[in-house]
Each structure stands twice: as C-alpha cells, then as structure tokens.
Amino acid sequence: MLVFPGQQISPAQQVAFSRALGELAPTAWVEARLDDQPDIFVIGNTGRALVSFAPADGSDRLEWHADHMYRNDPARASLLYCRQTPPTGGDTHFACMYSAFEALSPEAQAEAEQLHALHSVDLLPGGLKPANDDGAPDAPRLVRCPLVRHHPRSGRRALWFGSKVTVGIEGWPPDRARAYLDRLEAHATRDEFRYRHAWRAGDAVLWDNRRVLHAGSPFDTAQHRREMHRTTIREDHPVR
Ligand code: SIN
C-alpha cells in the first residue's frame, strides 16, 4: 500500500488517475455512487445513506476484507481518498497477507493451500446491501476462491479471506470452518503485520487487494462527518 498525503484532487481527477491503473469496477450499491462520477463509491455519512465498513454490531471486532471479495472478479486495487474525517475514529487498518502466510508453520501453510474459501455478500456490514450482478438483492450467492492466492506478479502466496464476507470453507461443516477462520484471522491480523492509517483530509491511499486486507473503524456518526471516495480497480488476472 502507498500513502499520498496532502492531495487536492477532484472526483474527475481521481477517476482519471485510477483508470490509468486498470478498468474500474463501480460499487454495486447504486445509492452510494457519486452522482456525476459513478465510478466513485462514497463511504461515510455525507452521501444518501451511511456507508460504513466498521463493526456494525457495536463490538470492537474489525471486519477485515478485500474489496469485492464476494465477486467472481474481485478488486485488484483500491484508491481511497479522504475528503473529510472526524477528529477521532474512522481510521483504516491494513494487514499484509504475504507476511501472515509466510509466518504460518509449513504444515499450516500446506493445509491452507488445499482449501477453498466461500465468500458471500449476505453478511456484509452496513446499512446498504449491494445487489448481485443479476440484480437480485437477496439471492444468496457463494463465490469459491482458493484460501491462499498466488500473486500473479510476484508469485508470492497470500492468505485471502474476510471476517464476515468469508462464510465457510468448502467441504467443511460450518462450526469447524468458523473456528478455523477465526484462528486464522487472529494470526493474520497480529500487530506485526498491520498498519493503521489515521486519516487527514487530502490523504489518498492505494493498496493491492490481492495481498492486503483492510478494515474500517467506527466514529461518532451523530456528531461528525466522514467522507471518503473510493475507486476500485478490477482484477485483470485469473484468481488463483
Ligand atoms: C473500505 O472498506 O473500502 C473502506 C474502509 C474505510 O472506510 O475505512
């Protein structure tokens, strides 16, 4: 991930910069698209609805994910630009999944490499629920993906799963899968693999979703405003 502090960019400039990196994938949450620039996903509480990836249940358990993990064409990269930020809260956490994978024992690496994770949009946090590509907002849909992704450029391996968006492990009973994924998350999001970004207006952060997980954190939505603009760059390699 890269941090570009102190930027002053318009939505059109953000879209133009992002398009230079690849094809964009607008959010399926139509209400959260910026009117004049629908490739921009408005996250925070200044748009038509509250859009938050922070824990929705009041707990302090972060909801780690990679963008568009529940789609067959997940996001390759994301660019998040901060236009307004609350005085406290609303930080974004990032975790390196190369490091997390490489820190597993050889046996645990071999086990993880055999597994396929099942992702679904159903349990995503937030007030808005994205429609599936077929336009059916409530249709349950599972996307199957290797739990360990091979980065197409570096060849390195990265754990690839989310706290809520990953709902199971193929072929495993739900309880066993949940316990395994919880243990893996505790390992993968240890402090030494993490960076926490405390936003200032004008910060832009670009990251590689194939090897970095991220998670939002809460802020006082009654008292403060947070406005983040995200552009999302589509995967351009087969997911493996
Ligand atoms: C996101 O999950 O893409 C946004 C994270 C945040 O709002 O901090």
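Refer to the structure above for everything that follows.
Because the structure is a prediction, the values reported are computed rather than measured. (Residues numbered from 1 in each chain as written. Predicted model: local features only at pLDDT ≥ 70, side-chain atom pairs only at ≥ 80, totals over all residues. Heavy atoms only, no water.)

J.: With reference to specific residues and values, describe the packing of aromatic side chains.
T.: Tallying each qualifying case throughout the model produces six aromatic pairs. Where Phe94 meets Trp207, the ring centres are 5.2 Å apart and the plane angle is 65°; that geometry is what we call edge-to-face. In this pair, Phe94 sits in strand S4 (residues 92–96) while Trp207 sits in strand S11 (residues 204–208), placing the two residues 113 residues apart along the sequence. Judged by its relative accessible area of 2%, Trp207 is buried. Arranged with centres 5.1 Å apart and planes meeting at 70°, the rings of Trp172 and Tyr180 form a pair that is edge-to-face. Summarising the burial analysis for this pair, Trp172 and Tyr180 share the class buried. (Phe/Tyr/Trp six-rings, centres within 6.5 Å; stacked < 30°, edge-to-face > 60°. Helix = DSSP H or I, 4+ residues; strand = E, 2+ residues; numbered from the N terminus. Buried < 20%, exposed > 50% of the residue type's maximum accessible area, 1.4 Å probe, protein only.)

J.: Report on the nonpolar core, specifying residues and quantitative values.
T.: If you look at the biggest cluster of nonpolar residues, it comprises 34 residues, and the most contacted ones within it are Met97, Leu147, Leu159, Phe161, Ile169, Tyr180 and Leu184. Among the elements that line this core, the one with the most residues is helix H4 (residues 174–188), at five residues. Beyond its immediate chain neighbours, meaning those up to four positions away, Phe161 contacts Met69, His119, Leu147, Thr166, Leu181, Leu184, Glu185, Ala188 and Leu213. Core analysis: the second largest hydrophobic core is formed by 14 residues, Trp29, Phe53, Cys82 and Trp207 among them. (Core = buried A, V, L, I, M, F, W, Y, C linked by side-chain atoms within 4.5 Å. Contact = heavy atoms within 4.5 Å.)

J.: Break down the sheet that holds strand S13 (residues 227–234) for me, citing the residues and quoting the values.
T.: Here we have five strands laid out as an open sheet, ordered S1-S11-S3-S13-S2, and antiparallel in their pairing. Both edges of this open sheet fall to strand S1 (2–4) and strand S2 (41–44), since each of them pairs with a single strand only. Strand after strand, the sheet turns through a mean of 20° between neighbouring axes, direction not considered. Note that strand S3 (residues 75–84) and S13 share eight bridges and pair antiparallel. Pairing of Tyr81 across the sheet is with His229, part of S13. Seen against the sheet, helix H1 (residues 11–19) touches S3 and S13 and runs at an angle of roughly 25° to S13. (Pairing = 2+ DSSP bridges. Axes fitted to C-alpha atoms, helices over the stretch in contact; angles between N-to-C directions.)

J.: Tell me about the sheet that holds strand S12 (residues 212–216), and please be specific about residues and values.
T.: Pairing is antiparallel across the open sheet formed by three strands, whose spatial order is S10-S4-S12. Every interior strand has two partners, whereas the edge strands, strand S10 (194–197) and S12, have only one. Across the sheet, the axes of successive neighbouring strands diverge by a mean angle of 20°, strand direction being ignored. Alignment of S4 against S10, held across four bridges, turns out to be antiparallel. What sits directly across from Phe94, in S10, is Tyr195.

J.: Got a sec to walk through the pairing of S13? Specific residues and values, please.
T.: Among the eight residues in S13, eight count as buried, and that is most of the element. Across four bridges, S2 lies against S13 in antiparallel orientation. Considered in S13, the bridge of Gly44 is made with Glu227.

J.: Quick one: what's the story with the pairing of S11, residue by residue and with numbers?
T.: Burial of S11 is extensive: five of the five residues sit out of reach of the surface. Of the two faces of S11, the one carrying Ala204, Leu206 and Asp208 and the one carrying Val205 and Trp207 are both buried. Pairing geometry for S1 and S11, over three bridges, is antiparallel. Looking across to S11, one finds that Phe4 is bridged to Ala204. Taken together, the five bridges between S3 and S11 define a ladder with antiparallel strand orientation. Looking across to S11, one finds that Ala77 is bridged to Asp208.

It is worth stressing that arrangement in space is one thing and function is another; only the former is reported here.
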